[in-house]
Amino acid sequence: MRSGLAGAWKPGTAKPVPQAVAVEDLNDETSFTIHASVQKQRHQLSVYKQRDNLLYLVENHGTTIVVAETGSGKTTQIPQLLVEAGWAEGGRTIACTQPRQIAAQTIAARVAEEMRVTLGTKVGYSVRFDEVATRGVTQIKYMTDGVLLREMMSDPLLSSYSVIMVDEAHERSIATDILLGLLKKIIKRRPDLRIVVASATMDIKAFHDFFDTSREKLQNSIHRESVPNRSPAVLSVEGRTHSVLIHYCDKPVQDYVRTAVSTTIAIHKIEGPGDILVFLTGQDDVNAAVQMISEEAEKLPRALVALPLYAGLPASDQELVMRPSLSGRRKVVLATNIAETSVTLPGIVYVIDSGFSKQKFYNPITNVEALVAAPISQASADQRAGRAGRERPGKCFRLYTEDAHAAMRPERLPEIQKGNLLSTILQLKALGIDNVMQFDWLAPPPAELMVRALELLFALGVMDGHAKLTSPLGHQVSELPLDPMSAKMLLTAAQTGCQKEGLTIAAVLTVQTIWASGRERKEMDEARAQFAVAEGDMISYLNVFEGYLHVKNRNQWCYENCVNYHALAKVAKVRSQLSTLLQQLGGPRQQQHDGDVKLVAKAVTAGFFPNAARLEAEGGNTYRSLRGNQELFIHPSSVLFRASPKWVVFQSIIFLERHYMWNVTAINPAWLTELAPHFYQLKG
DNA sequence: TTGTGGTGT
């Protein structure tokens, strides 16, 4: 480095391109060993085809389980090669799962173009609300991991598929983790099923060992004949990334937002052309940094344009960062984690990595979910650095010391170990996994998270004393794409003649908030007050949705009423899907009690009774949770903030300076003992 | 007395 940055930064080290097998080392029918540390035996593999400097291998006997560490192109090409190998014949389909909808859709479109076929014929995709595929015709189907998981509920052996390729396995989404566990289970009954696990992580041992059942075979002589040898083949394919020079700070950084700003300015002054990507933790950090850089940039001779990027940003603002910068101008994008995997920006040559991201932590004892800025993993740090080397060699400035980097956990924590497991456990039950504690997890969630989930499912009445789904409630709840408390609320509402209201509330609770962001607080309070009713937030949403439905220009109406148009559009979509599912579950039900909000509030209580709280003293604003006796407050944005009703139920708790209840409904305490006598008893 | 890292059915 030249002067300016040199003082603060340790000399950089060039990050090597990931270890890969050189293409020229391999010939047809060559027997070879890759990743010697992982492989205990050699695999007979045949080179199937070579294209674009990428290599694809297919094991030439038995079931193929390829754990592939691959570069760009594998997602589009491996499935095509499998089709050419004849694995999609006889009406069978090759499935390729992705953790994100947008990836499934765009990759499918690209492959259809490469194969010169119409999307939806030989190549298709399936994501929620949008399936473009033809049964019996589609040979390659790109789909979200969640869609395949849902399909397993009606077809547990995935009988229409010949190959399942689980892509981006290193991201460890909840659906992918469950899928891998279930696949390992079903290959015992489907010896013809091929599985390809594609992961970008350097540490592929976890996936390899997970599918390596050769040891189990020795241990279990009863199954010796029926279980084929399944030591997975490991395939490593070179990714086409450029080297990225990595710099560390020589001492810990006090304020990573300020340091990110000063480093940006220094890069702009000293370094050659190329845009800058800065990883920060949240909206506040991003907006503060944008402001600071914009002020600094005014004093500089060469133009530097600062742009924010986070998921909550309106779509039009997100498009701004995708545009190439004008000549002579340098662009700096201040982003959250969204730029790590979900959004790929063109033109980035410099990356500044704060070393932090916001992560969700759930405390099963207090039932509190908190979002806190925490150090990232080494894998995430690599991923962030790699964003600088997509088009040409780049540089990455880490706002932490080399020692701090060494202290980071190597891999990111799987999502399944962090969150509330209610839906996950229920889904496994519905898939016939009776003993979830003994499920073959790729990484088991903490036992206390599982126990807590099982207790709550029992309390809700969806699971019986033998840990089996109840009938019909347990099965119905598992069929609905909702968290179990919302699902029970909806089913109760449908039973008691207020299905319409139940559908709206359940749909609204699937979005983070229906309110617009970035407005003045006073304006927001006034807008909310127009829809507010004494029963609370959830019932007030009914008024918002009614208003939205009955105007011509919804976009304008949303703007005028401080409502998020995109959120309500999604609510409408989810609501109609739920309505269809409800009909399939129990036939059409009569809407008997139009507008009886007491009945609706009672249905809300039937679902959310485990989250009940009581006002501590008349005239005060402190609540205590009935379960856990925790001090709680109504969130100031709630329509009940000033009303302080004596008894409430809530959707969730947010931890800020205090513990706040979110989405609050006022209830009659008699409902608690009536609806959940096993959970609440009257005192004295 | 005022929030939202990122996904998904």
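It should be emphasised that the depicted structure is a prediction, and the values quoted were computed from it without experimental measurement.

Caption draft 1: A look at the overall build of chain A. Helix and strand counts for chain A stand at 23 helices and 25 strands. Residues counted as buried form 52% of the 684 residues belonging to chain A. The long-range fraction of contacts in chain A, counting pairs at least 24 apart against all pairs at least 6 apart in sequence, stands at 70%. If you sum the accessible surface of chain A, you get close to 31,200 Å²; carbon and sulfur atoms cover 50% of it.

Caption draft 2: The arrangement of the pairing of strand S13 (residues 244-248) in detail. Of all five residues making up S13, four are buried, and the element is well covered by its neighbours. Pairing geometry for S13 and strand S20 (residues 394-398), over five bridges, is parallel. Opposite Ile246, over in S20, you have Cys396 as the bridge partner.

Caption draft 3: Up close: the pairing of strand S11 (residues 194-199). Within S11, five of the six residues are buried, which leaves it mostly tucked inside the rest of the structure. Where strand S10 (residues 161-166) meets S11, four bridges bridge the pair, whose relative direction is parallel. The residue of S11 that forms the bridge with Met165 is Val196. Considered for its hand, the β-α-β crossover made up of S10, helix H4 (residues 174-186) and S11 is right-handed.

Caption draft 4: The protein's contact with DNA strand B, seen in detail. Around DNA strand B sit 35 residues in total, of which Gln101, Arg128, Ala311, Thr513 and Trp662 are the nearest. Take Thr336: an N or O atom from its side chain is 3.4 Å from a phosphate oxygen of DNA strand B. Contact distances for DNA strand B include 3.3 Å between a base oxygen and a side-chain N or O atom of Lys360. Of all the elements in the fold, those that place two or more residues in the surface near DNA strand B are helix H3 (145-154), strand S18 (356-363), helix H18 (521-531) and strand S25 (659-666). Among the residues making up the surface near DNA strand B, the classes are represented as 13 nonpolar, 11 polar and 11 charged.

Caption draft 5: Inspection of the packing of aromatic side chains at higher detail. Going through the model one piece at a time under the given rule, you end up with 11 aromatic pairs. With centroids separated by 6.4 Å and ring planes inclined at 65 degrees, the aromatic side chains of Tyr248 and Tyr400 adopt a geometry described as edge-to-face. Of this pair, Tyr248 sits in strand S13 while Tyr400 sits in the loop between S20 and helix H12 (402-407), and the two are 152 residues apart along the sequence. By relative accessible area, which is 7% here, Tyr400 ends up buried. What links up through ring pairs into an aromatic cluster is the set Trp515, Phe531 and Trp557. Sitting above the plane of the Phe210 ring, Lys184 keeps its charged end 4.5 Å from the centroid. The ring centre of Trp515 lies 5.7 Å from the NZ or CZ of Arg528, which sits over that ring.

Caption draft 6: Focus on the side chain of His635. Within the secondary structure, His635 sits in the loop between strand S23 (631-634) and strand S24 (647-655). At 2.9 Å, the side chain of His635 and the side chain of Ser637 are in polar contact.

Caption draft 7: Structural detail: the confidence of the model for chain A. Confidence in the prediction of chain A, expressed as mean pLDDT, is 83, and 83% of residues score 70 or more. Considering only residues more than four positions removed or in separate chains, one finds that residues 16-55, a stretch of pLDDT under 50, has 95 contacts. Note on residues 221-229: pLDDT is under 50 here. Beyond four places in sequence and across chains, it has eight contacts.

Caption draft 8: A look at the pattern of salt bridges. Scanning the entire structure with this criterion turns up 23 salt bridges. Here Asp440 and Lys184 are joined by a salt bridge, their closest N and O atoms 2.9 Å apart. Residue Asp440 is found in the loop between helix H13 (422-430) and helix H14 (447-460), and its partner Lys184 is found in helix H4; the two are separated by 256 residues along the sequence. Note on Asp440: relative accessible area 32%, which makes it partly exposed. Relative accessible area serves as the criterion here: at 6%, Lys184 is assigned to the buried category. Arg519 is paired through a salt bridge with Glu523; the nearest N and O atoms lie 3.5 Å apart. We classify Glu523 as partly exposed; its relative accessible area is 36%.

Caption draft 9: Geometry of H18. When we look at burial in H18, the residues that qualify are Met524, Ala527, Arg528 and Phe531. On an axial view of H18, the arc spanned by its buried residues comes to 95 degrees, and they lie on one face. The exposed set on the far side of H18, more than 90 degrees from its buried face, consists of Lys522, Ala529 and Gln530. Buried residues belonging to H18 abut helix H19 (537-549) and helix H20 (554-560).

Quick notes on the rules
- Residues numbered from 1 in each chain as written.
- Chains lettered and ligands numbered in written order.
- Predicted model: local features only at pLDDT ≥ 70, side-chain atom pairs only at ≥ 80, totals over all residues.
- Heavy atoms only, no water.
- Helix = DSSP H or I, 4+ residues; strand = E, 2+ residues; numbered from the N terminus.
- Buried < 20%, exposed > 50% of the residue type's maximum accessible area, 1.4 Å probe, protein only.
- Contact = heavy atoms within 4.5 Å.
- Areas by Shrake-Rupley, 256 points an atom, 1.4 Å probe, with all protein chains shown as cover.
- Pairing = 2+ DSSP bridges.
- Right-handed = clockwise from strand over helix to strand, strands pointing away.
- Near = heavy atom within 4 Å.
- Polar contact = N/O pair within 3.5 Å; in protein donor to acceptor, adjacent residues only side chain to side chain.
- Nonpolar A, V, L, I, M, F, W, Y, C, P; charged D, E, K, R; others polar.
- Phe/Tyr/Trp six-rings, centres within 6.5 Å; stacked < 30°, edge-to-face > 60°.
- Lys NZ or Arg CZ within 6 Å of the ring centre and 35° of its normal.
- pLDDT = per-residue confidence, 0-100.
- Salt bridge = Lys/Arg side-chain N within 4 Å of Asp/Glu carboxyl O.
- Arc of directions from axis to C-beta.

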